[in-house]
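Spelled out from the first residue to the last, the chains are:
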Amino acid sequence: MSCILHIETSTAVCSVAVSQDTDVIFKKEEFKGPSHAVLLGVFVDEALSFIDSHGIPLDAVAVSCGPGSYTGLRIGVSMAKGICYGRNVPLIAIPTLKVLAVPVLLHKEIPEDALLCPMIDARRMEVYSAIYDRSLSEQKPISADIIDENSYIEFLDKQPVYFFGDGAAKCKDQITHPNAHFIDNINALAGSMMPLAEKAIWNKDFVDVAYFEPFYLKEFVATKPKKNIL
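Residues numbered from 1 in each chain as written. Predicted model: local features only at pLDDT ≥ 70, side-chain atom pairs only at ≥ 80, totals over all residues. Heavy atoms only, no water.

## Details of the sheet that holds strand β4 (residues 60-64)
Here is step 1: As summarised here, the arrangement of the five strands in space is β3-β2-β1-β4-β5, forming an open sheet in which the pairing is mixed. Bordering the open sheet on either side are β3 (23-30) and β5 (91-94), each of which pairs with just one other strand. Neighbour to neighbour, the strand axes of the sheet diverge by 15° on average, direction disregarded.
Here is step 2: The sheet contact formed by strand β1 (residues 3-8) and strand β2 (residues 14-20) spans six bridges and is antiparallel. By the bridge assignment for β2, I7 is matched with V16.
Here is step 3: Set on the sheet, helix α2 (residues 70-87) makes contact with β1, β4 and β5; between it and β4 the angle comes to about 175°. (Pairing = 2+ DSSP bridges. Helix = DSSP H or I, 4+ residues; strand = E, 2+ residues; numbered from the N terminus. Axes fitted to C-alpha atoms, helices over the stretch in contact; angles between N-to-C directions. Contact = heavy atoms within 4.5 Å.)

## Observations concerning the pattern of salt bridges
Here is step 1: On inspection of all chains with the given rule, the structure shows six salt bridges.
Here is step 2: Taking the shortest distance from any N to any O, the salt bridge between R134 and E112 comes out at 3.7 Å. Of this pair, R134 sits in the loop between β7 (126-132) and β8 (138-146) while E112 sits in the loop between α3 (96-107) and β6 (115-121), and the two are 22 residues apart along the sequence.
Here is step 3: Assessed through its relative accessible area of 29%, R134 is described here as partly exposed. (Salt bridge = Lys/Arg side-chain N within 4 Å of Asp/Glu carboxyl O. Buried < 20%, exposed > 50% of the residue type's maximum accessible area, 1.4 Å probe, protein only.)

## What about the side chain of S192?
Here is step 1: You can see S192 is positioned in the loop between β10 (180-182) and α5 (194-202).
Here is step 2: If sequence neighbours within four positions are ignored, S192 has contacts with V99, V102 and P103.

## Details of the packing of helix α1 (residues 36-53) against α2
Helices that pack against each other are described as a pair by the angle of their axes relative to one another and the distance between those axes.
Here is step 1: Where α1 meets α2, the closest approach of the two axes is 10 Å, and the angle between their N-to-C directions is 30°. As summarised for this structure, α1 and α2 are arranged roughly parallel, according to the angle between their axes. α1 and α2 meet at a crossing whose hand is right-handed. Along the contact surface, α1 presents H36, A37, L40, G41, V44, L48 and D52, while α2 presents G72, I75, G76, M79, I83 and R87.
Here is step 2: By residue class, the composition of the contact of α1 with α2 is seven nonpolar, four polar and two charged. (Parallel < 35°, antiparallel > 145°, perpendicular 65-115°, else oblique. Left-handed = near helix turned anticlockwise from the far one by under 90°. Nonpolar A, V, L, I, M, F, W, Y, C, P; charged D, E, K, R; others polar.)

## Side note on the side chain of K140
Here is step 1: Within the fold, K140 resides in strand β8.
Here is step 2: Looking at K140, the relative accessible area reads 11%, which means it is buried.
Here is step 3: For K140, the side chain forms a polar contact with the side chain of S143, separated by 2.8 Å. (Polar contact = N/O pair within 3.5 Å; in protein donor to acceptor, adjacent residues only side chain to side chain.)

## So, the packing of aromatic side chains
Here is step 1: Tallying each qualifying case throughout the model produces four aromatic pairs.
Here is step 2: Ring geometry for F26 against F50: centres 5.4 Å apart, planes inclined by 35°, an arrangement best described as tilted. Taken together, the residues F26 in strand β3 and F50 in helix α1 connect sequence positions 24 residues apart. Each member of the pair, F26 as well as F50, carries the same accessibility label: buried.
Here is step 3: Aromatic rings pair up to connect Y152, F163 and F182 into one cluster. (Phe/Tyr/Trp six-rings, centres within 6.5 Å; stacked < 30°, edge-to-face > 60°.)

Here is the structure:
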C-alpha cells in the first residue's frame, strides 16, 4: 500500500490527512473557516513533519479538485503542486462530490437501489451537484443547478435519492418528493479521500503536475475598475 498526503480546501472546511496502508494516521480539520490561506500551510507542515518523524516515504499527494470555492481550490491545488515538485511524487486529483459521498457509503445505511446526490453550496438557490449510484458510477454529470420543486424529478420518480453536503440543507423546502432523503452533517474532508486516492494509485491515475488546474465549473470573473472619464 501507499503513504498519501490528502488536501481538501474546496469548501469552508480546511482539512489535511495522511493515510498509510488504507488507514488514516494523521489528520487536521478546521470547520470555522474559510481560513485556508492561513491554516493550510500550518496543517501541511505538521503532516509532513509527522511523515518524516516516523520515517515514512511519501508516495503521492491527493487534492480535492472541485467543484467548489474558487479561492479554496486555487490554494489547495497550488499547495499540492508545490509538495509534488519538492518531494518528487505524483499528484492525484479527486472530484470533491465523490469525496462527499465516501462517508455516506461507509457509515450510513441506505438501500441498495439508492442514488447519491452530493451538493456543494453555490450561493442563492444554486448548488454544484452530481448523482451517483452506490458504486460511484455517474448517473448525472456534475453541473451547477438552480433548485426548484422539479429538480431531479426524473430520478426521484424511479428510486430513492439521498441528498447531502453543505448545499443540501437549503434544498429541503424545495425538494419534497417522497423519495427525497436528506443526510445532515456531511462535509468534504481530507480523510474521506483515502479510498479514492488508493484506487487512483492502483490504476496509476495521476495528473500532470505542471498543467493540472482545478475544476472550477463556473469561471471566476474579476471585476475591473471603471475608467475615470472626464
